[in-house]
Amino acid sequence: MIVCLAVVGHENNPLYIQSFTESDDALKLHHIVHCSLDVIDERVNNPKKSSPAINEAFLGLLYPTENYKVYGYLTNTKVKFILVTTDLDIRDADVRNFFRKFHAAYVDAVSNPFHIPGKKITSRTFGERVSSIVKPFGLNSAS
Amino acid sequence: MEPDASIETSSMIRVAVIPISDVTPLLFRDYAAMLIRHHTVSLSSISSFYTEHQKSPFAHQPWESGSLRFKFILGGSPPSPWEDFQSNRKILAVIGICHCPSAPDLRSVADQFTAASKTYSSSLVQRCFAFCPVDSQLEDESVKGSNLILFPPADRQTQEFHLQTMVQDIAASLLMEFEKWVLQAESGGTVFKTPLDSQASLSSEEVIKAKKRRLGRAQKTIGDYCLLAGSPVDANAHYSTSLELTRLTADFFWYAGAMEGSVCALLMDRMGHKDPVLEDEVKYRYNSVILHYRKSFIQDNAQRVSPLSFELEATLKLARFLCRRELASDVVELLTATADGATSLIDASDKLVVYVEIARLFGELGYHRKAAFFSRQVAQLYLQQDNKFAAISAMQVLAMTTKAYRVQSRASIGPSNDAGQTHADGGKVHHHSIVSLFESQWSTLQMVVLREILLSAVRAGDPLAAWSAAARLLRSYYPLITPAGQNGLFGALVNSAERLPLGTRCSDPALPFVRLHSFPLHSSQMDIVKRNPAREDWWAGAAPSGPFIYTPFSKGEPNNSNKQELTWVVGEPVQVLVELANPCGFEVMVESIYLSVHSGNLDAFPVSVSLPPNSSKVITLSGIPTNEGLVSIPGCIVHCFGVITEHFFKEVDGLIIGATQGLVLSDPFRSCGAAKFKNVLLPSITVVPSLPLLVSHIAGGDGSVMLYEGEIRDVWISLANAGTVPVEQAHISLSGKNQDSVVTVASETLRSALPLKPGAEVTIRVTLKAWQLSKTDSDAAASKGMPGSSVRQAKDGSSPLLLIHYAECADVKGNKNLCLAREPETVSAPPPGRRLVIPLNICVLQGLSFVKARLLSMEIPARIGEACSTQAQLERGNTEQVNGSERHADRLVKIDPNRGSWGLRLLELELYNPTDVVFETSVSVDMENTSNQENLSDNISAEHGEPKTRIDRDYTARVLIPLENFKLPVLDGSILGNSFQNNGTSGSRNNSFSEKNIKAELNASIKNLISKIKVRWQSGRNSSGELDIKDAIQAALQASVMDVLLPDPLTFGFRLAKASSGDINVDREVKSCVSGDSIIAHEMTAMEVLVRNNTKEAIRINLSIACKDVAGENCMEGDKATVLWEGVLSGISMEVPPLEEVKHAFSLYFLIPGEYTMLAAAMIYDANEVLRARARSDALDEPIFCRGPPYHVRVSGTR
């Protein structure tokens, strides 16, 4: 189950953070997302020579903490997507797929002429679309 | 669990350093610092202190390359329960530090030290270092035998050398003790226990197990000592044995310990060289260490003790060993595992240590956010301990996290960075501030951190830190804090401030937000003008003097950059407007706010202001420059909430820029309803030395001068030098609209008063003449019927401005020398001059308004009398005199009845008085240009005053101006243009050209004429002026100007011929031709017709005379002729010489009394060009008729 999704701008500014849990752990998830930026920074600054494709946007598992796994995704415009999930056994392909869908949703959201780049995404449509992507994700992996 | 653990820790000899008898912490730290420098002592250096008592167990000790390593523990530490397991945990030596001046009795010092070192049962060597002993103490023999070592007072270098020797001595002693211990241990008997081994009632099984394990444990411990003794090879040998034995006895805990030791030995052997193979080896072995520590976990005593801390410690050691960017992922994995494991640690302090270490390692790795996260965990652990010191620690740890969360206090950013910001180029700073704005969006995290800092600071009793945290929280996140929360923070600020001494400074500003609003320009009274030394008129500016409006070279000059420049003067108060905003829900009381001047050459005056909730205010901050130079005003010093802070304008600007880009939560000024954001650039401000200061004062009040149109009035302006420097150069010029309304300025008065000393005053006269209101203005005024419109007009700058440029040094060059002596840098730039702008506030009221002008021709026929009116034409000057004298008499235009007024034309001006005062007008014709005589008459008339026409309010009056006098005496070609002379030869070809010439000539004459006509008016006692009606007159005259200006070529006159006197020059004073009673019907009346040639050439004419009766019928011819005549009356050919008069006599016999009109007419033969032009005839052969004015003859009946 996805507990948190975040979009972080190229200056490491949060553009969108949405948690999908009932419990009040927003702060904890904020911390996790914030900390994962360290890993992304590190991966971006020291790309592994052995990495298969340079153009790969999917950063893979950033780090596992306590009960969570954090995945990252970096767009060409240096916007980071961060996914926090409680599913401990999860296939990279699923996550990659998810990020691709999420990326499309994000692109649509920022293509809105009324959206100011660098500003937080407040579009309700985006939120609805994201939740529609998030829901089946948990189900797929569960099945 | 211990902080700072690394693989090498196993090889360090732990030495407790304890203060003995009253050493101030500062001194203790100082001495300890000296000691700590000797943490590594090479074996080669201690060989001189070392004596081999028996065969050393450290067979492979590397005497050349090896070393002993010390770990000094300041203040000592309680014994660890794991001492047996890891010998490096033992305190093996104790060093006491004593400051002799504060401990006079050395014996008691020795005793104290002995007592103190007793608590360290494991210690093998004890020494007490006593610094700075006095001579008496040095001679004290009583302590000779003890461990007390006196360091005689010496310079620092000597002392350090002494200390080093002592440390080497300790090292040698320790080495010998180690040897002793190892030999003892090998011989057996020692039992090695850890808390892991069950403490209670050893069962027989346990005892056997312990016995079995003893050997392996002993070997491991010996290995430990070998490591401490700096002999890795020996250690390795013992560890290998231990590994074998412990594995056999399944003593996994000790196995792991031995493995750790062996890794340490390996590293020691390699002397710090690292290579991937070694790294892999270490990694492999440590993984096994971790694994075995985990294996040694015993469920039984898990509640009491667990090897988990060793496992974590080992993990951290490995992580520290690997901690490099390239291996980040490995390290992160290890650290994550550690963090996960730490949650199950029982001991809070162990947990603390683990988190501290994790945070440090993450920080080292460059994972600042993670480091911050774990630091926060540490702080939370500290906060769980409910004591002040823990709270202080928590606060300090949190302070370290602020950088990662971008909520750091400005104090921690450091002055160097700050200076860089202020001096760096605009763009870079901007970038930096924007980035920090981006990061500042993690508001959830940032607020939590700040709140925790506030909490810990309150608990730690650090009011300044609490104040700073509350200030940062309030300033940055007020939109996210509820009003109740804001009030809470307000309370925190106030409470903290109460605990702070008065006048405490904090680097973090709280409220209010302060931004630069504007720099009020110098009032026009004090304008400063840069002097252009190259020019005499220095105020003309440094504008490019070339022919081009734009020169690319001037573009690069600093003056032309968009940055504003301001000049302030030493000793003259300046003002800066700043805007304050309080977006919070409580009232902010700013106790004082003043400009913060980093350059230190401005005395700023504090202001106190109170800001109600959600409000903003623009206030004026003032100061007085004290020294010349540049002034930098980066912000304001604000004393608010009991603490003094500095608020920088740049930060608020960045904040507002961020707000416009949506990066910051909200714009504090906008939310308070302040005006829209405008970016005020901080100008570069220069302070110049004192300048003179002229202050103007208009006599009779500085209000506007109310003038009616055309009114002329003098205004007295007094100028005083209010500065401290004399004015040595001054120049008056005019600017603004309606400059021509200033008639004269007595600039000589000012010039003669120079140099104007400080305090001196000069009064100059300015003569003003009110201008005409324009058509639209007057219309508007009329439609409103109010003078209000004209008052409004006075405001919108239609008044002229009097500019006075003045400066200190009259001679720019001389000044240069002066400046050279004063300050070599400003040689090129003389001190600026100043400009005083005196607005001449003229409020023009609509005065007499001109309605229309008409040219009237009067046709009053003349009477025929003995004195003929043609005399008027006879001698021009004389008639003028007559006229003049007439005017003397009664100031009215009198018409000579004998002369008639055939040629007289009157200009009628219709004037309307729309004002509410009475005007009196008088018309004068100035004849200054004609002759002296006329001048005289004019003067006389001026003295006596013209007849006045009174025009009441809302009435219209007409003023008549006789124009006859303007006739020129001679009809001349020169008047009609020179072209006539050519015309004869070149024909009509030049006609158009000549006509043009005529026009020009005429226009000139008209102008001349018009300028002579003056309509003066007077209203009340002190308003007087002149009506500007030139245009109107010109328009009226334009059509018939020829007739007005030019005389006819011939003038005709009739008179009664006196039988007695044939003389023409009749005495004019005789009023003989008064009435018509001299002509009686039925009598022969002798008459003369006079023909005068007004041209310069003789004219041949054919004269004819006609007489008409009242009905206008010719009464001399035809059937009903009523007049008989004698002489010739028609077809009289005669030639009139130039400028002369010819008379022709005849007689008439009137049959019937009544009114008759005599007319003379002439046809001119061979008219020349001049005549033809005058007659406006084009045809060359057309005869020209000349008609005289009608003369009235009144024939009375018989007497």
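Residues take numbers from 1 onward in each chain, read along the sequence in its written order. Following the order in which they are written, the chains are lettered starting with A and the ligands numbered starting with 1. Per-residue local features of the predicted model are confined to residues with pLDDT of at least 70, and side-chain atom pairs are confined, for both listing and counting, to 80 or more; whole-chain, interface and lining totals are unaffected and use all residues. Side-chain metrics in this entry use all non-hydrogen atoms of the structure; hydrogen atoms and water are not considered.

- Labelled according to an unreviewed UniProt entry, chain B appears under the name Trafficking protein particle complex subunit 9, originating from Salvia splendens.
- UniProt positions are given in the numbering used here, feature names are shortened, and annotations may be inferred rather than shown by experiment. Recorded in UniProt under Subcellular location (unreviewed entry), the annotation for chain B is "Golgi apparatus".

- Per an unreviewed UniProt entry, chain A goes by Trafficking protein particle complex subunit and derives from Salvia splendens.
- For the record of chain A, the UniProt heading Sequence similarities (unreviewed entry) holds the text "Belongs to the TRAPP small subunits family. Sedlin subfamily."
- Under the UniProt heading Subunit (unreviewed entry), the entry covering chain A gives this text: "Part of the multisubunit transport protein particle (TRAPP) complex."

Things to note about the overall build of chain B
Right, so step 1: Numbering goes from the N terminus for both helices and strands, where a helix is a DSSP run of H or I of at least four residues and a strand is a run of E of at least two. For chain B, the count of helices and strands is 36 helices and 45 strands.
Right, so step 2: Only protein chains enter the accessibility calculation, which uses a 1.4 Å probe. A residue is then buried if its area is under 20% of the maximum for its type, exposed if over 50%, and partly exposed in between. When the 1199 residues of chain B are sorted by exposure, 50% land in the buried category.
Right, so step 3: We call two residues in contact when some of their heavy atoms are within 4.5 Å. The contacts of chain B with a sequence gap of at least 6 include a subset with a gap of at least 24, amounting to 80%.
Right, so step 4: Put simply, chain B shows about 55,500 Å² of open surface, and 54% of that area lies on carbon and sulfur atoms. In these tables, accessible area is a Shrake-Rupley quantity obtained with a 1.4 Å probe, and a residue counts as shielded only by the protein chains included in the view.

Points about the overall build of chain A
Right, so step 1: When helices and strands are tallied, chain A shows 3 helices and 5 strands.
Right, so step 2: Classification of the 143 residues of chain A by burial places 48% in the buried group.

So, the nonpolar core
Right, so step 1: Residues V84 of chain A together with F129, W568, V578 and I593 of chain B are the most contacted members of the largest nonpolar core, which totals 201 residues.
Right, so step 2: The greatest single-element share of this core, amounting to 13 residues, is contributed by helix α5 (residues 156-187) of chain B.
Right, so step 3: For I593 of chain B, the residues in contact, after removing those within four places along its chain, are V514, L580, F605, P606, V607, V609, I619, L621, C636, I637 and V638 of chain B.
Right, so step 4: Throughout this description, the term nonpolar core refers to a set of buried Ala, Val, Leu, Ile, Met, Phe, Trp, Tyr and Cys residues connected via side-chain atoms within 4.5 Å. Of all hydrophobic cores here, the second largest spans 35 residues; its members include M1134, V1142, Y1156 and V1195 of chain B.

Quick word on the packing of helix α13 (residues 368-384) of chain B against helix α14 (residues 388-405) of chain B
Residues and elements named next belong to chain B.
Right, so step 1: Between N-to-C directions, angles cover 0 to 180 degrees, with each direction set by a line fitted to C-alpha atoms, over the stretch in contact for helices. Direction vectors running N to C along α13 and α14 enclose 160°, while the axes themselves pass 8 Å from each other. Taken together, the axes of α13 and α14 lie roughly antiparallel to each other. With respect to the hand of their crossing, α13 and α14 are arranged in left-handed fashion. Here α13 contributes H368, R369, A372, F373, S375, R376, V378, A379, Y382 and L383 to the contact with α14, which in turn contributes A390, S393, A394, V397, L398, T401, A404 and Y405. Working rule for angles: under 35 degrees goes down as roughly parallel, over 145 as roughly antiparallel, 65 to 115 as roughly perpendicular, anything else as oblique. The hand of a helix crossing depends on one turn: near helix anticlockwise from the far one by less than a right angle means left-handed, and clockwise means right-handed.

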